[in-house]
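Per-entry structural report
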Amino acid sequence: MEKEDDVEKPLLPGSLPRWWRVLPTLTLLMMITTIDSLILNDFIEYRYTSLYKVNSSSSENTRELCLNASRMARNASLISTTTSIYPISTTMSWNTIIQASTARLNVYISLAATIPAILTSILLGANCDRIGRKPLLILPYLGKIIRYIILTAVAYYDLSNLWIILSVMCDGFFGTAALNILSSFAYVTDCTTEKTRTVGIIIADVCIGCSRFIPLLTIGIYLQQPKFIQTMLFTLFLSVFGLVFCIILQPESNLNVQHLNIFQQLKRVKFSLLPNVFRVFFVKRSEHKQRSLLFLVIIHLSIIVMIMGNMAVFYLYLYGAPFCLDSFGVSLNSVAQTVTVILLTILFTLTIAKRSDHLILPALGCLAYMIQLFLFGIAQSVWILYLAVSIGAFQNVLVPVVRSRITKLVEPDEYAVVFILASVFESGGFYAVSAFANEIYRVSLTFYPGLVYFVFASVGILAILLILILYILEYRPTLKRKFTSLNE
């Protein structure tokens, strides 16, 4: 035995686990995260519906309220309401008032959770290659447990909205799902070769999308009646189960710390590693790898912003006029996209993914998602929503190629550090983007609710332009080499 940091280290090296061993942990946490969105949006709308003394005993009553608001908007006959609960004179319908109030609270929640989530993502992400992957897989489950203990108390005792904000802040303090995603992709990278990595990363990325399937159907149906306490307790149980599963059954993929327990791994955290978050992008690399890395990271972040913008208002937008869907109706829309993703993934992994990671693939995926957002913005019928998500499904399959290309440009001890900016965007950045998206939706609610989708679709233009520039830069040296060889 050797001693390292006062801990005995085995003389014989450990062995790498199979890369797919991380998928159960990742999938379960993403299922819980999907339930987060369903519960929180429905719960906040239900509280405001009750506050304004509107009948909210079932989703059918809420839907009828929404449809009435839609009919009034089409007939241009607005009502004026002045109550002690809503102390200003307004010509908005009750449904619009509830939607605006929900969006406003979402802004406060998002802003409050931004800083804790960013700080945790940066600190633990910068140390991920040093402390290992397992702590980052476990900690988000602790955040979920605390979140649902607080939310259950809020629902049972009818506590103020301040406690809802506090529950999301605690979730952010433990890194949210973004920390788990960062560690999961580093885990897959640890356990694969360059030849098998693209398929592994695509499957992991698709698992994130497909993990929404079961909770969307089951919880979506269950929440047609306001049974929030039961749903929160069930999600709390899933979080506890996930924590126990991670601690006992999840192997560590970093061979340098396989012999340590989670507390010993967390003790290895160093603040001095924080500069590595930015240093990794400015290290001199051969064959223009540094330039390609910077381009790919900016492309990746741009696509993440588009996805987060959609996620931030997805439920709220479909709950409102003219669609007036309930949680089950929204779930069916998401399930349609999930089924399409599964079919495309099977075709893609068996054909193109094994042979190519060409830049045209993420460009097409980005374009498909832009079309989805554009169709959402102009949609007036539910069938357009289904068409949009079916087209947007190509993003889930094609864009992960960017992650795969990034890992091939860095050293093995940089696998996690290189994705920290993505993790910051997916955790704290999500809350910031969510606040921005909800504010756009609230402001545009009375004249064009779909405006928010046009705003975030425009971000994809930047991503596609950068992909085009990177393609030209990578293609030009190839032409020069061919021309030189011909002259020789």
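Residues numbered from 1 in each chain as written. Predicted model: local features only at pLDDT ≥ 70, side-chain atom pairs only at ≥ 80, totals over all residues. Heavy atoms only, no water.

Observations concerning the overall build of the protein chain
When helices and strands are counted, the protein chain shows 20 helices and two strands. Residue burial in the protein chain is summarised as follows: out of 488 residues, 57% are buried. Summed over its atoms, the accessible surface of the protein chain is roughly 21400 Å², and 67% of this surface lies on carbon and sulfur atoms. (Helix = DSSP H or I, 4+ residues; strand = E, 2+ residues; numbered from the N terminus. Buried < 20%, exposed > 50% of the residue type's maximum accessible area, 1.4 Å probe, protein only. Areas by Shrake-Rupley, 256 points an atom, 1.4 Å probe, with all protein chains shown as cover.)

Here we look at the packing of helix 1 (residues 23–51) against helix 8 (residues 213–222)
Contact geometry of helix 1 with helix 8 gives a least axis separation of 9 Å together with a crossing angle of 35°. The handedness of the crossing between helix 1 and helix 8 is right-handed. Contacts from M31, T34, I35 and L38 of helix 1 reach helix 8 at I214, P215, L216, I219 and G220. When its residues are assigned to classes, the contact of helix 1 with helix 8 shows seven nonpolar, two polar and no charged. (Axes fitted to C-alpha atoms, helices over the stretch in contact; angles between N-to-C directions. Left-handed = near helix turned anticlockwise from the far one by under 90°. Contact = heavy atoms within 4.5 Å. Nonpolar A, V, L, I, M, F, W, Y, C, P; charged D, E, K, R; others polar.)

Description of the packing of helix 1 against helix 5 (residues 161–173)
The packing of two helices is summarised by the inter-axis angle and the distance between the axes. At a minimum axis separation of 12 Å, helix 1 and helix 5 run at an interaxial angle of 170°. What the angle tells us is that helix 1 and helix 5 run roughly antiparallel. The segment helix 1 lies against helix 5, with D36, L40, F43, R47 and Y48 engaging N161, I164, V168 and D171. By residue class, the composition of the contact of helix 1 with helix 5 is five nonpolar, one polar and three charged. (Parallel < 35°, antiparallel > 145°, perpendicular 65-115°, else oblique.)

Overview of the nonpolar core
Of all hydrophobic cores here, the largest spans 132 residues; its most connected members are L318 and F376. The leading source of residues in this core is helix 12 (residues 289–319), at 19 residues. Beyond its immediate chain neighbours, meaning those up to four positions away, F376 contacts N310, F314, Y317, L318, N333, L385, A388, V389 and Y453. By size, the runner-up hydrophobic cluster in this structure holds 11 residues, among which are F348, L361, A393 and V397. (Core = buried A, V, L, I, M, F, W, Y, C linked by side-chain atoms within 4.5 Å.)

Focus on the side chain of T114
Relative to the helices and strands, T114 is located in helix 3 (residues 94–131). For T114, a relative accessible area of 11% corresponds to the buried category. A polar side-chain atom of T114 sits 2.6 Å from the main-chain carbonyl oxygen of S110. Discounting residues that sit within four places of it in the chain, T114 has contacts with G428, Y431 and A432. (Polar contact = N/O pair within 3.5 Å; in protein donor to acceptor, adjacent residues only side chain to side chain.)

Comments concerning the pattern of salt bridges
Here the idea is simple: oppositely charged side chains can pair when their charged atoms come close. With the rule as written, the count across this model stands at 10 salt bridges. In this structure, K144 and D171 form a salt bridge, with 2.9 Å as the shortest nitrogen-oxygen distance. Here the residue K144 occupies a position in helix 4 (residues 134–157), and D171 occupies one in helix 5, the gap between them amounting to 27 residues. Judged by its relative accessible area of 2%, K144 is buried. What makes D171 buried here is its relative accessible area of 1%. One connected set of salt bridges, linked through shared partners, spans D36, K144, R147 and D171. (Salt bridge = Lys/Arg side-chain N within 4 Å of Asp/Glu carboxyl O.)

Considerations on the environment of C128
Looking at the secondary structure, you find C128 in helix 3. Residue class for C128 comes out buried when judged on its relative accessible area of 0%. Filtering out sequence-adjacent residues up to four positions away, C128 remains in contact with R133, L136, S183, N254 and A416.

As for helix 1
Between its terminal C-alpha atoms helix 1 stretches 42 Å, which fits the 42 Å expected from 29 residues at 1.5 Å a residue. Counting buried positions over the 29 residues of helix 1 gives 23, a clear majority of the element. (Expected span 1.5 Å × (residues − 1).)

Digging into the packing of aromatic side chains
Under the counting rule described, the total for this entry stands at 15 aromatic pairs. Considering the side-chain rings of F436 and F456, the 6.1 Å spacing of their centres and the 75° angle between planes classify their relative orientation as edge-to-face. With F436 in helix 18 (residues 428–444) and F456 in helix 19 (residues 451–457), this residue pair connects regions lying 20 residues apart in the sequence. On the basis of relative accessibility, which here comes to 4%, the residue F456 falls in the buried class. In textbook terms, an aromatic cluster arises when at least three aromatic residues are bridged by ring pairs, as seen for F314, Y315, Y317, Y319, F323, F376, Y441 and Y453. (Phe/Tyr/Trp six-rings, centres within 6.5 Å; stacked < 30°, edge-to-face > 60°.)

A few points about helix 4
Given a rise of 1.5 Å per residue, 24 residues ought to cover 34 Å, and the 36 Å separating the end C-alpha atoms of helix 4 matches this to within 8%. A large share of helix 4 lies buried, amounting to 18 of its 24 residues. Looking one or two places after helix 4, you find D158, whose phi comes out positive at around 55°.

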